[in-house]
Amino acid sequence: MNKIPVYFMPGLAASTTIFERIALPEDTFEVHLLEWEIPLEHESLQDYAKRIAQNIKHSNPVLVGVSFGGILVQEMAKHIEARKVIIISSVKCNAEFPRRMKIAKTTKAYKLIPMRLILNVENLAKFSFGEKINKRLKLYEKFLSVRDIRYLDWAIEQVILWDRTKIDESVIHIHGDEDEVFPIKYIANCKVVKGGTHIMILNKFKWLNENLPSIILED
């Protein structure tokens, strides 16, 4: 039997190390990790998604994206035939954004974020993971490796201005009921992980390892 190719895309500013605890059965799945690349000048999210999709070397893959990576894989699926699109700790359209993100879009407040401050790991961790970080700072330093100011500027704007208004019902959405970046009260039709926060790819990996195989294989 041919193995099913599964491509994982990390969250905003995160490296592929966030997937180090994810283990799918090797006799059935072939795991590939996608990385963030620095955006070209004035590159749209659609063009960026098309460019990243060129890194996919298998036909009919499963795309799994975390947070902003979840937004990206949905855009990538416009350019390639995907067996399945699975998003974790993410959103399926801009209606699922919390109120503060909608206000940031309307007021353009996101343009006032001092990017150089976000380059500090502690600030970036709060922004990307939405967690109280304290003792975990060294851990987050390992996971948040993309600290290019052009990338951060671009990525934050692409999230806030994401223009998808209609949910693609084929997208499988896994979401924690304690996600503080994308609160579950705004999320429709998802597989709920009890106690899952925005970083459940790190601390709910057992649930994901147990459930991802059957989620990928189910018709």
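Residues numbered from 1 in each chain as written. Predicted model: local features only at pLDDT ≥ 70, side-chain atom pairs only at ≥ 80, totals over all residues. Heavy atoms only, no water.

Engineer: It is not clear to me how the pattern of salt bridges should be interpreted in this structure. Could you clarify?
Structural biologist: Think of it this way: side chains of opposite charge can pair up when their charged atoms draw near. Under the counting rule described, the total for this entry stands at eight salt bridges. Here Asp148 ties to Arg150 by a salt bridge, and the two come within 3.5 Å at their closest N and O atoms. Of the charged contacts, one joins Glu218 and Lys191 as a salt bridge, the two residues approaching to 3.6 Å between their closest N and O atoms. Of this pair, Glu218 sits in the segment after α9 (205–217) while Lys191 sits in strand β6 (residues 191–193), placing them 27 residues apart in sequence. Here Glu218 falls in the partly exposed class, since its relative accessible area comes to 36%. Residue classification places Lys191 among the partly exposed positions, given a relative accessible area of 30%. (Salt bridge = Lys/Arg side-chain N within 4 Å of Asp/Glu carboxyl O. Helix = DSSP H or I, 4+ residues; strand = E, 2+ residues; numbered from the N terminus. Buried < 20%, exposed > 50% of the residue type's maximum accessible area, 1.4 Å probe, protein only.)

Engineer: Sorry, what's going on with helix α7 (residues 149–160) here?
Structural biologist: In an α-helix there are 3.6 residues to a turn, and that puts residues three or four apart on one side. Taking 1.5 Å of rise per residue, twelve residues should cover 16 Å, and α7 covers 17 Å from first to last C-alpha, within 8% of that figure. Residues of α7 that are buried include every one of Tyr151, Leu152, Trp154, Ala155, Ile156, Gln158, Val159 and Ile160, and no others. Its side-chain oxygen placed 2.9 Å from the backbone nitrogen of Arg150, Asp148 serves as the N-cap of α7. (Expected span 1.5 Å × (residues − 1). Polar contact = N/O pair within 3.5 Å; in protein donor to acceptor, adjacent residues only side chain to side chain.)

Engineer: Is there a simple way to think about the environment of Asp163 in this case?
Structural biologist: Mapped onto the elements, Asp163 comes out in the loop between α7 and β5 (172–176). When the C-alpha atoms of Asp163 and Ala188 are compared, they prove to be 17 Å apart, with 25 residues separating the residues in sequence. Apart from residues lying up to four places away in sequence, Asp163 is in contact with Gln46 and Asn94. (Contact = heavy atoms within 4.5 Å.)

Engineer: What is the right way to look at the packing of aromatic side chains in this model?
Structural biologist: Aromatic ring pairs are reported here in terms of the distance separating the ring centres and the angle at which the planes meet. Enumeration over the complete set of coordinates arrives at eight aromatic pairs. Where Trp36 meets Tyr151, the ring centres are 5.5 Å apart and the plane angle is 55°; that geometry is what we call tilted. Of this pair, Trp36 sits in the loop between β2 (29–33) and α1 (45–53) while Tyr151 is found in helix α7, placing the two residues 115 residues apart along the sequence. Overall, the relative accessible area of 0% leaves Tyr151 in the buried class. Linked through ring pairs, Trp36, Tyr48, Phe68, Tyr151 and Trp154 together constitute an aromatic cluster. (Phe/Tyr/Trp six-rings, centres within 6.5 Å; stacked < 30°, edge-to-face > 60°.)

Engineer: For this particular structure, what's the right way to read the pairing of β5?
Structural biologist: Looking down a regular strand, the side chains alternate between one sheet face and the other. Across the five residues of β5, five count as buried, placing the element largely inside the fold. What you see with β5 is no split at all: Ile172, Ile174 and Gly176 on one side and His173 and His175 on the other are buried throughout. Sheet analysis places strand β4 (residues 84–88) next to β5, joined by three bridges and oriented parallel. Directly across from Ile87, in β5, lies its bridge partner His173. (Pairing = 2+ DSSP bridges.)

Engineer: Help me understand the environment of His58 in this model?
Structural biologist: Secondary-structure assignment places His58 in the loop between α1 and β3 (62–66). Looking at His58, its side chain comes within polar contact range of the side chain of Tyr7, at 2.6 Å. Side chain to side chain, His58 and Glu30 meet in a polar contact 3.1 Å long.

Engineer: Help me understand the packing of α1 against helix α2 (residues 68–76), please; the structure alone is not making it clear to me.
Structural biologist: Each pair of packed helices can be described by the angle between their axes along with the distance between the axes. Following both chains from N to C, one finds α1 and α2 inclined at 80°, their axes separated by 8 Å at the closest point. Classified by the angle between their axes, α1 and α2 sit roughly perpendicular to one another. Packed against α1, whose contacting residues are Leu45, Gln46, Tyr48, Ala49, Ile52 and Ala53, the element α2 presents Phe68, Ile71, Leu72, Glu75 and Met76 at the interface. The residue inventory of the contact of α1 with α2, partitioned by class, reads nine nonpolar, one polar and one charged. (Axes fitted to C-alpha atoms, helices over the stretch in contact; angles between N-to-C directions. Parallel < 35°, antiparallel > 145°, perpendicular 65-115°, else oblique. Nonpolar A, V, L, I, M, F, W, Y, C, P; charged D, E, K, R; others polar.)

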